[in-house]
Number of protein chains: 2
Amino acid sequence: MAKEETKPIRFGILGCAEIARKVSRAITLSPNSTLYAIGSRSYEKAKTFAASNNFPSHAKIYGSYDAVLDDPNVDAVYVPLPTSLHLRWAVLAAQKKKHLLLEKPVALNVGELDKILEACEANGLQYMDSTMWMHHPRTEKMFQFLSDPNQFGSLQSVHATFSYRGSPDFLENDIRVKPDLDSLGTLGDTGWYCIRAILWAANYELPKTAKALHKPKYNKAGVLLSCEASLLWEDNRVATFYCSFLSDMSMDITAIGTKGSLRVHDYVIPNEENEALFRTSSNSDFGELSTGWNPKPSEFIIKSDIPQEALMVKEFANLVGGIKFGDSKAENKWGIISRKTQVVIDAVKASIDNGLESVLIRY
Amino acid sequence: MAKEETKPIRFGILGCAEIARKVSRAITLSPNSTLYAIGSRSYEKAKTFAASNNFPSHAKIYGSYDAVLDDPNVDAVYVPLPTSLHLRWAVLAAQKKKHLLLEKPVALNVGELDKILEACEANGLQYMDSTMWMHHPRTEKMFQFLSDPNQFGSLQSVHATFSYRGSPDFLENDIRVKPDLDSLGTLGDTGWYCIRAILWAANYELPKTAKALHKPKYNKAGVLLSCEASLLWEDNRVATFYCSFLSDMSMDITAIGTKGSLRVHDYVIPNEENEALFRTSSNSDFGELSTGWNPKPSEFIIKSDIPQEALMVKEFANLVGGIKFGDSKAENKWGIISRKTQVVIDAVKASIDNGLESVLIRY
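Residues numbered from 1 in each chain as written. Chains lettered and ligands numbered in written order. Predicted model: local features only at pLDDT ≥ 70, side-chain atom pairs only at ≥ 80, totals over all residues. Heavy atoms only, no water.

1. Thoughts on the domain arrangement of chain A
The figure often quoted for interface size is the accessible area lost as the parts come together. Residue and element names in this part refer to chain A. Assigned domains of chain A: these are domain 1 (3-132 + 309-329) and domain 2 (134-306 + 342-360). Contacts between the two partners involve 26 residues from domain 1, matched on the other side by 22 residues from domain 2. Buried surface at the junction of domain 1 and domain 2, both sides included, amounts to about 1,900 Å², of which 57% is carbon and sulfur. The largest contributions to the domain 1 side of the interface with domain 2 come from Lys104, Thr131 and Leu311, which together make up 29% of the buried area. Across the domain 1-domain 2 interface, the total number found is three salt bridges. (Domains from an automatic or database assignment. Contact = heavy atoms within 4.5 Å. Buried area = accessible area lost by both parts, 1.4 Å probe. Salt bridge = Lys/Arg side-chain N within 4 Å of Asp/Glu carboxyl O.)

Below, the structure written as structure tokens:
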């Protein structure tokens with residue numbers, strides 16, 4: 001490996017969103033990346049953010065997003081702006097040759113996402129959405145289980161949830177429930193994870209149709225606060241999910257296969273940062289007189305040296321490094337997974353908007 | 001308490017079903033009941049059953065169901081016959097003044113169940129369906145949690161599963177998939193538990209509508225092998241369930257409330273006979289930087305001196321004893337819960353039969 005290859009990827013961050021604090025820490029914790037620049041419409045805000053989030057002393061503080069994109073030393077940008085601003089800033093970033101780590105929901109609809117993905121592709125850039133749990137080593141272990149024809153068999157039913165309870169102020173004033181900023185509401189925020197979890201459990205095979213299961217709840221501005229939906233595959237397998245800002249925290253996947261099943265209760269953010277748990281059962285029966293399980297379910301604890309968001313940054317930076325210092329091409333699987341998630345969101349949204357009719361999912 | 005009151009309730013069993021072995025053991029283990037008679041269309045079969053299931057030496061062996069019902073010393077009958085025979089034998093049992101512990105599914109439809117319930121009521125008899133998990137002390141503890149306005153709040157979403165994998169022979173030849181014996185298939189067998197779990201989690205408030213979520217799978221004889229459905233309450237809350245003979249064993253309840261959530265993975269039959277576990281979370285948030293759960297979820301282990309089916313027999317026999325030896329009237333809540341479960345089954349069945357339309361649930 002040439003010496004050049006060992007240099008960390010230099011990140012610029014657009015905006016001082018709360019989630020950017022978590023990702024700044026992740027960039028610091030990731031061995032192959034460094035916090036290089038922060039831009040905000042307010043220079044003072046950017047300066048305060050950098051100071052309170054362990055930015056190196058030499059990090060660039062900018063009073064605009066443009067300045068970050070114009071800095072030739074920025075390799076990649078992390079974009080945690082409100083969703084309605086993604087199209088503009090993500091495309092601009094790509095035009096300025098910045099690799100793109102994009103916060104979810106990635107776009108207001110798949111039409112917007114396509115423009116972002118096209119801009120990245122046209123410029124040979126790595127795209128990745130910031131879905132942190134995808135990068136936890138537990139996720140890989142669970143996926144191995146789901147892929148095991150003897151232990152799990154083929155997926156028959158999967159249910160996913162992601163909910164948390166917004167305060168009254170959150171439900172009216174948070175960015176995530178503002179029609180001009182994040183018009184998808186809970187569907188784009190917590191629903192994104194449920195849909196990703198379902199696609200993941202189905203080895204990314206897209207369902208055929210989506211259908212909302214009830215008249216959802218909205219805030220005064222008409223933004224979704226709670227939603228439950230079902231997804232149906234060609235072969236009549238069903239997935240269901242529940243996403244909400246109106247319930248206590250839940251992050252469940254219950255995936256049932258012909259030969260086994262998988263359960264995890266904290267797939268989005270593990271209870272503990274340094275280890276995470278999942279449970280499986282395989283080829284169980286009721287035992288003698290149907291008085292118990294034989295064999296019993298299993299429990300697996302997967303340790304993680306650095307948090308899942310740092311592993312995400314590490315993987316992203318590794319792909320960026322391969323392009324920058326080597327002769328790798330961008331890994332397009334992250335764009336494909338992102339797009340599949342978005343088309344399902346769009347279909348669920350359409351089902352809600354058309355009175356709970358079943359809506360065809362088109363990739 | 002008069003001396004008479006301490007006498008155990010004498011059970012007669014109609015038929016030698018496999019499940020009758022488990023319930024025979026439960027009657028033996030229950031302190032207030034005794035195995036008194038077994039009847040089968042084959043005297044030899046009844047004799048063998050009694051010998052291999054620890055019947056007392058003085059137990060009566062009969063070569064017909066009628067003989068059990070005609071024995072004046074039989075206080076109560078347990079009826080594990082195929083569902084299509086319930087109407088006839090349960091009503092006849094009631095006419096012969098036998099209290100009734102009825103295996104589920106209790107009837108082919110609510111019209112049949114009503115005749116059974118009317119016969120019990122007309123004769124002042126105790127009715128109970130044989131849904132064992134209702135009687136585990138864990139169930140009561142979980143219900144306390146669900147009823148706690150500060151720990152759980154109000155139910156927002158609930159998902160239940162019960163599945164197990166039938167062998168190819170089971171799927172064509174078992175009683176549970178024979179159109180003339182148990183025409184409800186998996187909906188009457190595993191679906192019964194899912195629906196009961198959902199009603200239980202909703203404090204028995206009946207949903208307004210039921211809708212099957214996919215074209216179910218059938219065996220060659222046209223009996224349901226797998227089904228997924230949603231239930232919708234008046235206030236737009238949703239429940240979903242998955243029941244199947246085509247998946248590995250699963251028995252999940254995921255109930256999410258405004259302030260907490262409940263998870264159990266073996267609600268139908270606990271992994272272990274002498275203790276059972278459930279998990280809750282309450283008022284959790286993401287903690288600093290959204291890197292974990294605060295507070296963490298809790299785990300509760302509930303011990304049980306005797307198995308849940310023996311606790312069921314004990315409760316039933318206690319109610320019967322109150323009528324026989326005291327001046328108690330029959331406890332009608334068991335009939336009400338049974339009927340609510342049946343009307344939901346009927347609505348799901350109707351939704352399947354009418355091409356997945358939403359069907360009104362009428363009590």
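Picking up where we left off.
2. With respect to the sheet that holds strand β2 (residues 33-39) of chain B
Residue and element names in this part refer to chain B. The parallel open sheet is built from six strands, whose spatial order is β3-β2-β1-β4-β5-β6. On the outer flanks of this sheet lie β3 (60-62) and β6 (127-129), each paired with one strand and no other. Neighbouring strand axes in the sheet, compared pairwise and without regard to direction, differ in orientation by 25 degrees on average. Two strands pair when backbone bridges link them, and strand β1 (residues 9-14) and β2 are joined in this way by six bridges, in the parallel orientation. Bridge pairing links Phe11 to Leu35 in β2. Its contacts with the sheet put helix α4 (residues 86-95) on β1, β4 (76-79) and β5 (99-102), and the angle it makes with β5 is roughly 155 degrees. (Pairing = 2+ DSSP bridges. Helix = DSSP H or I, 4+ residues; strand = E, 2+ residues; numbered from the N terminus. Axes fitted to C-alpha atoms, helices over the stretch in contact; angles between N-to-C directions.)

3. Overview of the sheet that holds strand β4 (residues 76-79) of chain A
All names here are of chain A. What the six strands build is an open sheet, ordered β3-β2-β1-β4-β5-β6; its pairing is parallel. The open sheet terminates on both sides in strands that have one partner only, identified here as β3 (60-62) and β6 (127-129). Recorded for the sheet is a direction-independent mean angle of 25 degrees between the axes of neighbouring strands. One ladder, built from three bridges, connects strand β2 (residues 33-39) with β3; its direction is parallel. Directly across from Ile38, in β3, lies its bridge partner Ile61. With respect to the sheet, helix α2 (residues 43-52) is in contact with β2 and β3, its orientation differing from that of β3 by roughly 150 degrees.

4. Structural notes on helix α5 (residues 110-122) of chain A
Think of an α-helix as 3.6 residues a turn; residues three or four steps apart then line up on the same face. Residue and element names in this part refer to chain A. Across its 13 residues, α5 extends 18 Å between first and last C-alpha, which sits within 8% of the 18 Å expected from 1.5 Å per residue. Of the surrounding secondary structure, the elements contacted by the buried residues of α5 are α4 (86-95), β5 (99-102), β6 and α10 (333-353). One side-chain oxygen at the N-terminal end of α5 lies 3.1 Å from the backbone nitrogen of Gly111; it belongs to Asn109. Immediately downstream of α5, the backbone of Gly124 shows phi near 65 degrees, a positive value. (Expected span 1.5 Å × (residues − 1). Polar contact = N/O pair within 3.5 Å; in protein donor to acceptor, adjacent residues only side chain to side chain.)

5. Notes on unusual backbone geometry
For the peptide bond that leads from Lys104 of chain A to Pro105 of chain A, omega is -5 degrees, which places it in the cis range. Its location among the elements puts Pro105 of chain A in the loop between β5 and α5. Despite not being glycine, Tyr204 of chain A has its phi angle at roughly 65 degrees, a positive value. Its location among the elements puts Tyr204 of chain A in the loop between α8 (185-201) and β8 (209-212). The backbone phi angle of Ser290 of chain B is positive, close to 55 degrees, even though this residue is not glycine. Mapped onto the fold, Ser290 of chain B is located in the loop between β15 (275-282) and β16 (298-303). Owing to a relative accessible area of 23%, Ser290 of chain B belongs among the partly exposed residues under this scheme. (Buried < 20%, exposed > 50% of the residue type's maximum accessible area, 1.4 Å probe, protein only.)

6. Side note on the pattern of salt bridges
Under the criterion given, the structure shown has 36 salt bridges over all chains. Residue Asp235 of chain A pairs with Arg237 of chain A through a salt bridge whose shortest N-O separation is 2.9 Å. Note on Asp235 of chain A: relative accessible area 38%, which makes it partly exposed. When the shortest N-O distance is used, the salt bridge between Glu275 of chain B and Lys303 of chain B registers 2.6 Å. Pair noted here: Glu275 of chain B is in strand β15 and Lys303 of chain B is in strand β16, with a separation of 28 residues, a long-range link. A single salt-bridge network, built from bridges that share partners, covers Arg10, Asp75 and Lys324 of chain A.

7. Here's the deal with the UniProt feature "domain: Gfo/Idh/MocA-like oxidoreductase N-terminal" (unreviewed entry) in chain A
Mapped onto this structure's residue numbering, the UniProt feature "domain: Gfo/Idh/MocA-like oxidoreductase N-terminal" (unreviewed entry) falls at residues 9-128 of chain A. End C-alpha to end C-alpha, residues 9-128 of chain A measures 15 Å, and it is 42% helix and 22% strand. (UniProt positions renumbered as here; feature names shortened; annotations may be inferred.)

8. Some remarks on the UniProt feature "domain: GFO/IDH/MocA-like oxidoreductase" (unreviewed entry) in chain A
UniProt records the feature "domain: GFO/IDH/MocA-like oxidoreductase" (unreviewed entry) at residues 150-263 of chain A, using the numbering of this structure. Counted over residues 150-263 of chain A, helix gives 20% and strand 41%. Its end C-alpha atoms are 17 Å apart.

9. A short note on the side chain of Gln126 of chain A
Residue and element names in this part refer to chain A. As for its position among the elements, Gln126 is in the loop between α5 and β6. Within the structure, Gln126 has its side chain in polar contact with the backbone nitrogen of Glu331 (distance 2.8 Å). Look past the residues within four positions of Gln126 in its chain and what remains in contact with it is His99, Leu100, Phe316, Leu319, Val320, Ile323, Ala330, Glu331 and Trp334.

10. Considering the interface of chain A and chain B
With 63 residues of chain A at the interface, the matching set in chain B holds 62 residues. When chain A packs against chain B, close to 5,300 Å² is buried across both sides, 56% of that on carbon and sulfur atoms. Between chain A and chain B we count four salt bridges in total. Between Asp252 of chain A and Arg263 of chain B there is a salt bridge, with its nearest N and O atoms 2.6 Å apart.

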